[in-house]
There are 2 protein chains.
Amino acid sequence: MKLSNGVEWALHCCVSLSQSSAPVPAARLAQLHGIPPAYLAKHLQALSRAGIVRSTPGPVGGYAFTRPPEQISALEVVQAIDGAQAAFRCTEIRRNGPLAVSPEACVKKCAIARAMAAADTAWRAALSTITVADLGRSIDADSSGTALHDVRHWLSGPG
Amino acid sequence: MKLSNGVEWALHCCVSLSQSSAPVPAARLAQLHGIPPAYLAKHLQALSRAGIVRSTPGPVGGYAFTRPPEQISALEVVQAIDGAQAAFRCTEIRRNGPLAVSPEACVKKCAIARAMAAADTAWRAALSTITVADLGRSIDADSSGTALHDVRHWLSGPG
DNA sequence: GGGGCGCTACTCGGATACTGTATGTCCGAGTCGCAGCGG
DNA sequence: CCGCTGCGACTCGGACATACAGTATCCGAGTAGCGCCCC
């Protein structure tokens with residue numbers, strides 16, 4: 001099991017975006033984080049499709065939030081990039097082999113799928129309690145309150 | 001993010017193994033679940049390397065538990081197949097770009113990595129509370145108490 | 001008849017191809033700002 | 001001097017290659033049981 005690399009990029013970009021009221025181009029976000037611009041654009045498109053950010057074309061365009069960062073959970077960002085489906089997918093092997101379970105008895109998910117689903121729910125619940133604004137505050141605290149200011153200043157500077 | 005298919009196979013095989021005191025060959029487990037024998041063998045090797053099962057070569061050989069199923073958690077099985085490392089891996093992009101964080105300030109994991117690690121811990125905690133014996137009991141309850149008996153009987157039957 | 005030995009069949013284990021997803025890149029469609037021109 | 005128009009540059013968006021991990025398979029090494037032969 002491996003989480004797409006774009007998840008990390010998207011979360012960092014969301015924190016950066018929360019520091020700018022004006023739209024920020026994908027290339028500028030990529031430059032800020034030192035990552036491939038074209039590939040980051042692909043992931044930002046996913047955020048756009050998920051309704052987390054809104055894209056604006058044209059010279060002063062870019063990406064901006066559709067809502068305040070307090071209303072955007074880390075779970076939303078992760079699901080936008082990685083998909084909402086659970087990591088574990090039951091292929092119903094209980095219906096195979098000499099002791100196959102009858103289809104009528106399979107209306108209920110099998111115990112193994114239930115256990116994995118419960119773990120998945122716990123994972124998503126943990127992510128849903130954290131907002132982009134929380135992440136920004138934590139990062140700011142780690143840097144003694146300079147990180148967010150620097151980002152804000154850099155984003156407002158010359159392109 | 002996608003969990004290997006072998007996780008499902010391994011969990012089902014563990015429940016089946018818990019019903020046999022004698023070693024069970026990989027081919028027989030594959031037949032019971034209707035899955036590719038050669039590929040299942042690969043995953044059983046992983047369980048063996050993790051110390052969950054013990055392999056015995058020879059005509060009456062096969063795989064058997066090293067401990068009672070009450071002492072084997074679903075987390076152990078999942079980690080044996082999928083690896084113990086977390087799904088999210090921080091690539092430290094905060095150290096890139098024009099606002100790179102100094103290496104001395106990176107002794108602490110960044111807030112985003114901490115958030116993802118917390119979610120991962122919740123996921124693993126949920127899995128660690130469930131044992132192979134629990135899974136067997138749940139499956140048995142779903143089938144009104146016939147499933148485990150059938151497996152036990154089938155495994156003791158002719159090969 | 002009993003013990004030793006060789007053979008056979010069965011098991012696991014790792015090395016070897018193949019497929020699908022994640023990664024990375026590119027170019028085209030659309031849009032806004034700005035400069036130039038006319039009134 | 002003001003408004004309109006055309007151009008240009010910049011933006012996103014999806015379509016196109018590549019690398020790696022999961023999937024699937026095979027054959028060789030090792031072991032235990034069984035039958036046979038010898039004593």
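Residues numbered from 1 in each chain as written. Chains lettered and ligands numbered in written order. Predicted model: local features only at pLDDT ≥ 70, side-chain atom pairs only at ≥ 80, totals over all residues. Heavy atoms only, no water.

Engineer: Can you help me understand the protein's contact with DNA strand D in this one?
Structural biologist: Looking at DNA strand D, there are 22 residues lining it, with R49, S55 and G58 of chain A together with S4 and Y39 of chain B nearest. Within the side chain of S55 of chain A, a nitrogen or oxygen atom sits 2.7 Å from a phosphate oxygen of DNA strand D. One of the backbone N or O atoms of G58 of chain A is found 2.8 Å from a sugar or linking oxygen in DNA strand D. Elements that contribute at least two residues to the surface near DNA strand D include exactly α3 (37–49) and β2 (62–65) of chain A together with α1 (5–17) and α3 (37–49) of chain B. Grouping the constituent residues of the surface near DNA strand D by class yields 10 nonpolar, eight polar and four charged. (Near = heavy atom within 4 Å. Polar contact = N/O pair within 3.5 Å; in protein donor to acceptor, adjacent residues only side chain to side chain. Helix = DSSP H or I, 4+ residues; strand = E, 2+ residues; numbered from the N terminus. Nonpolar A, V, L, I, M, F, W, Y, C, P; charged D, E, K, R; others polar.)

Engineer: Would you explain the side chain of H12 of chain A in this entry?
Structural biologist: As for its position among the elements, H12 of chain A is in helix α1 (residues 5–17). A residue is classified by how much of its surface remains accessible, and H12 of chain A, at 8% relative accessible area, is buried. Not counting residues up to four positions away in its chain, the partners in contact with H12 of chain A are H33 of chain A together with I93, R94, C110 and I112 of chain B. (Buried < 20%, exposed > 50% of the residue type's maximum accessible area, 1.4 Å probe, protein only. Contact = heavy atoms within 4.5 Å.)

Engineer: Even after reading the chapter, I still don't get the relation of the copies chain A and chain B, so can you show me in this structure?
Structural biologist: For the pair of chain copies, the relating operation is a rotation around an axis with a shift along it. Placing chain A over chain B gives an RMSD of 0.0 Å and needs a rotation angle of 180°, together with 0.0 Å of translation along the axis. Read as a symmetry element, the transformation amounts to a two-fold axis. Within chain A, W123 of chain A has its C-alpha nearest the rotation axis, a separation of 2.5 Å. (Least-squares fit on C-alpha atoms with pLDDT ≥ 70 in both.)

Engineer: Even after reading the chapter, I still don't get the side chain of D82 of chain A, so can you show me in this structure?
Structural biologist: Secondary-structure assignment places D82 of chain A in helix α4 (residues 74–82). Put simply, D82 of chain A is tucked away with no salt bridge, and the nearest opposite charge, on R124 of chain A, sits 6.2 Å away. Within the structure, D82 of chain A has its side chain in polar contact with the backbone nitrogen of M1 of chain B (distance 2.6 Å). (Lys, Arg positive; Asp, Glu negative; His and termini not counted. Salt bridge = Lys/Arg side-chain N within 4 Å of Asp/Glu carboxyl O.)

Engineer: In this structure, what is going on with the nonpolar core? I would like to understand it.
Structural biologist: Nonpolar side chains tend toward joint burial in soluble globular proteins. The biggest cluster of nonpolar side chains holds 106 residues, and the ones touching the most others in it are L47 of chain A together with L47 of chain B. Looking at this core, the element that brings in the most residues is helix α5 (residues 111–128) of chain B, giving nine residues. Beyond its immediate stretch of four places on either side in the chain, L47 of chain B contacts A10, C14, I52, V53, V77, A80 and I81 of chain B. (Core = buried A, V, L, I, M, F, W, Y, C linked by side-chain atoms within 4.5 Å.)

Engineer: Mind showing me how you'd approach helix α7 (residues 147–156) of chain A here?
Structural biologist: An α-helix turns once per 3.6 residues; consequently, residues spaced three or four apart project the same way. Residues and elements named next belong to chain A. The complete set of buried residues in α7 reads A147, L148, V151, W154 and L155. On an axial view of α7, the arc spanned by its buried residues comes to 130°, and they lie on one face. Looking at α7, the residues exposed on the side facing more than 90 degrees away from the buried face are H153 and S156. Contacts from the buried residues of α7 go to α1, α2 (26–33) and α6 (132–142). (Arc of directions from axis to C-beta.)

Engineer: Which parts of the structure should I look at to understand α1 of chain B?
Structural biologist: All names here are of chain B. In this model α1 runs 19 Å from its N-terminal to its C-terminal C-alpha over 13 residues, within 8% of the 18 Å that 1.5 Å per residue would give. With respect to burial, α1 is a largely interior element, 12 of its 13 residues being buried. Along α1, the positions that sit buried rather than exposed are G6, V7, E8, W9, A10, L11, H12, C13, C14, V15, S16 and L17. If you check the start of α1, you find a side-chain oxygen 3.1 Å away from the backbone N of G6, and it comes from S4. (Expected span 1.5 Å × (residues − 1).)

Engineer: What am I meant to see in unusual backbone geometry here?
Structural biologist: One can expect most non-glycine residues to show negative phi and most peptide bonds to be in trans. Backbone geometry at E92 of chain A places phi at a positive 60°, although glycine is not the residue there. Mapped onto the fold, E92 of chain A is located in the loop between α4 and α5 (111–128). Phi angles above zero are rare outside glycine, and S144 of chain B is one such case at about 60°. On the secondary structure map, S144 of chain B appears in the loop between α6 (132–142) and α7 (147–156).

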